[in-house]
Amino acid sequence: MSRRFVLALLVTGLLSACGSTPAPPSESPAPTTAAEMTEIALDVTGTATITTLTLTVDGTATEEKSVTLPWHKTLQFPQKSGKHEWKLEMSYEGGTVLAKGVSAGRLLTQTSGSGSPGSTNSARLSGSISD
């Protein structure tokens, strides 16, 4: 091969590399540390027999049957991720129920109820956060 041919190949390769489009920036990874998350602790205590407990978070519901008290669930949301809504609905027989929602040591909301033995009752706790 001649030097001119090799030089022409190198120049062509360099020029084509200069014209390429840069790779798109990668998306930021989802927050994973506790400092980047907002937590809401949901606690239910009392003497009642919880027959059904339904937790709905941002429109997605999960249901538990025959729940033994105390019951606890921690919800985690990435900071600066907009509005988030949650709802806790309980059906119970007799006894007492106290449900609380707490974030960063601050009481957000609570509800309580009681019923005589053999009675069917319900309680609901709901809230939302946004940033």
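Residues numbered from 1 in each chain as written. Predicted model: local features only at pLDDT ≥ 70, side-chain atom pairs only at ≥ 80, totals over all residues. Heavy atoms only, no water.

### Considerations on the environment of Ser128
Residue position: Ser128 is located in strand β6 (residues 106-129). Assessed through its relative accessible area of 43%, Ser128 is described here as partly exposed. Separated by 43 residues in the primary sequence, Ser128 and Glu85 have C-alpha atoms spaced 4.2 Å apart. The residues touching Ser128, leaving out its near neighbours within four places in the chain, are Lys83, His84, Glu85 and Trp86. (Helix = DSSP H or I, 4+ residues; strand = E, 2+ residues; numbered from the N terminus. Buried < 20%, exposed > 50% of the residue type's maximum accessible area, 1.4 Å probe, protein only. Contact = heavy atoms within 4.5 Å.)

### Re the pairing of β6
Two elements, strand β5 (residues 84-103) and β6, share 19 bridges in a ladder whose sense is antiparallel. Each residue of the ladder has a partner; that of Glu89, found in β6, is Arg124. The turn linking β5 back onto β6 is made up of 2 residues, and Ala104 within it adopts a positive phi angle of 50°. (Pairing = 2+ DSSP bridges.)

### Digging into the pattern of salt bridges
Counted under the stated rule, the structure contains 2 salt bridges. As a salt-bridge pair, Lys65 and Glu63 come within 3.2 Å of each other at their nearest N and O atoms. Two residues, Glu85 and Lys83, come together in a salt bridge whose shortest N-O distance is 3.4 Å. Residue classification places Lys83 among the exposed residues on the basis of a relative accessible area of 53%. (Salt bridge = Lys/Arg side-chain N within 4 Å of Asp/Glu carboxyl O.)

### Notes on the nonpolar core
Grouped together as the largest cluster of nonpolar side chains are 21 residues, with contacts concentrated most on Leu42, Val44, Ile50, Trp71, Leu88 and Met90. Listing elements by their share of this core, those giving two or more residues are β1 (37-46), β2 (49-57), β4 (71-78), β5 and β6. Broken down by element, the residue count for this core peaks at 6 residues, all from β5. Beyond its immediate chain neighbours, meaning those up to four positions away, Met90 contacts Val44, Ile50, Thr52, Leu53, Val97, Ala99, Asn121, Ser122 and Ala123. (Core = buried A, V, L, I, M, F, W, Y, C linked by side-chain atoms within 4.5 Å.)

### Thoughts on the confidence of the model for the chain
Overall, the prediction assigns the chain a mean pLDDT of 82, with 73% of residues at 70 or greater. Across the chain, the element-wise mean pLDDT spans from 44 in helix α1 (residues 3-18) up to 97 in strand β3 (residues 60-67). (pLDDT = per-residue confidence, 0-100.)

### Description of unusual backbone geometry
In this structure, Pro70 follows Leu69 across a cis peptide bond, with omega equal to 5°. Residue position: Pro70 is located in the loop between β3 and β4. Even without being glycine, Asp58 reaches a positive phi, approximately 50°. Structurally, Asp58 can be placed in the loop between β2 and β3. Even without glycine at this site, Ser66 takes up a positive phi of about 50°. Assessed through its relative accessible area of 60%, Ser66 is described here as exposed.

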